[in-house]
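Survey of secondary and tertiary structure
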Amino acid sequence: MKKPILLLILLVSNFIFAQVEVVSTFVEKWDNSKGYLVAVAQAMPEDKYDYKPTAREMSFREQLFHIQDNVNWLSITHFSGIKYISKEVDNGLSKAQIILNIIASFDAAKARIQNIKEAELSQKVDFFAGPKSKLQILNLMQDHVTHHRAQILIYLNLNQIQPPEYVGW
């Protein structure tokens with residue numbers, strides 16, 4: 001009788017540890033992603049924040065706002081239960097204010113995610129592309145940041161500005 005109970009305890013503890021590892025791994029990557037995005041935002045001179053390579057693209061400023069707004073939307077909606085109210089780009093914000101807003105959004109998202117229960121990661125949430133797990137939302141958050149950061153890295157290169165060295169894990 002002791003062996004089945006021991007085996008059950010081992011299996012449950014492995015499951016819980018695996019879930020904790022997902023959150024801690026995400027948080028570590030999220031912090032590095034924030035630092036890299038901030039370095040990219042700092043690299044672009046403030047007078048180039050309205051630069052866009054073509055008329056159909058978002059400006060550098062709009063890209064940064066879009067990243068921040070998406071972080072807020074996904075983390076508030078799916079990790080706090082509060083209804084998110086979308087905002088418009090504020091073209092009057094300085095470079096320093098934009099960077100502070102990005103840091104605040106990343107930090108607030110991190111705080112929400114750190115507080116979720118491990119079992120919640122498999123919980124399905126309503127999403128415009130169909131039901132998704134909270135783990136999928138975490139992946140989407142990081143993927144979205146990476147996608148738009150890659151675009152603004154090109155903006156730096158098009159302006160002959162050396163992008164910051166990549167920060168991975």
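What comes next concerns the included structure. (Residues numbered from 1 in each chain as written. Predicted model: local features only at pLDDT ≥ 70, side-chain atom pairs only at ≥ 80, totals over all residues. Heavy atoms only, no water.)

1. Some words on the environment of Ala104
Just so we agree on the cut-off: Helix and strand definitions follow DSSP, with helices as H or I runs of at least four residues and strands as E runs of at least two, each counted in order from the N terminus.
By the secondary structure assignment, Ala104 is in helix α3 (residues 95-114). Through-space distance from the C-alpha of Ala104 to that of Asn72 is 9.7 Å; in sequence the pair is 32 residues apart.

2. Description of the packing of helix α2 (residues 60-79) against α3
Threshold: Only the stretch in contact is used when fitting a helix axis, every axis being a line fitted to C-alpha atoms; angles between N-to-C directions are given from 0 to 180 degrees. Oblique is the label for any angle not under 35 degrees, not over 145, and not in the 65 to 115 range, which are roughly parallel, roughly antiparallel and roughly perpendicular in turn. Whether a crossing is left-handed or right-handed is set by the direction in which the near helix is turned from the far one by less than a right angle, anticlockwise for left-handed and clockwise for right-handed. Any two residues whose heavy atoms approach within 4.5 Å are treated as being in contact.
One can describe the packing of α2 onto α3 by two numbers: an axis separation of 9 Å at closest approach and a directional angle of 20 degrees. In terms of their interaxial angle, α2 and α3 are classed as roughly parallel. Helix-helix and strand crossings are classified by hand; for α2 and α3 the assignment is left-handed. Across from Arg61, Leu64, Ile67, Gln68, Val71, Asn72, Ser75, Ile76 and Phe79 in α2, the residues of α3 making contact are Ile98, Asn101, Ile102, Ser105, Phe106, Ala109, Arg112 and Ile113.

3. Regarding the layout of surface pockets
The following threshold applies: In the cavity and pocket records, a cavity denotes points on a 1 Å grid over the protein atoms alone where a 1.4 Å probe fits but cannot get out, a pocket denotes an open set with protein on both sides within 12 Å along at least 5 of 7 lines, and lining residues are residues with an atom within 4 Å of a point. Grid points are joined across faces, edges and corners, and a volume is the space filled by probe spheres set on the points. Residues were grouped as follows: Ala, Val, Leu, Ile, Met, Phe, Trp, Tyr, Cys and Pro as nonpolar; Asp, Glu, Lys and Arg as charged; and all remaining residues, including Gly, as polar.
Quantified by volume, the largest pocket comes out at close to 200 Å³. Lining the largest pocket are 13 residues, with Phe65, Gln68, Glu88, Leu93 and Asn101 positioned closest to its centre. Only α2 and α3 provide two or more residues apiece to the lining of the largest pocket. Per-element accounting of the lining of the largest pocket gives the leading share, five residues, to α2. Residue classes in the lining of the largest pocket are distributed as five nonpolar, three polar and five charged.

4. Some details on unusual backbone geometry
Let me state the cut-off plainly: A simple rule labels every residue: compare its accessible area, found with a 1.4 Å probe on the protein chains alone, to the largest value its type can have, and call it buried under 20%, exposed over 50%, or partly exposed in between.
Of note in the backbone geometry, Gln160 takes a positive phi value of approximately 60 degrees without being a glycine. Among the secondary structure elements, Gln160 is positioned in the segment after α4 (134-158). Given a relative accessible area of 72%, Gln160 falls into the exposed group.

This is a description of form; function is not addressed.
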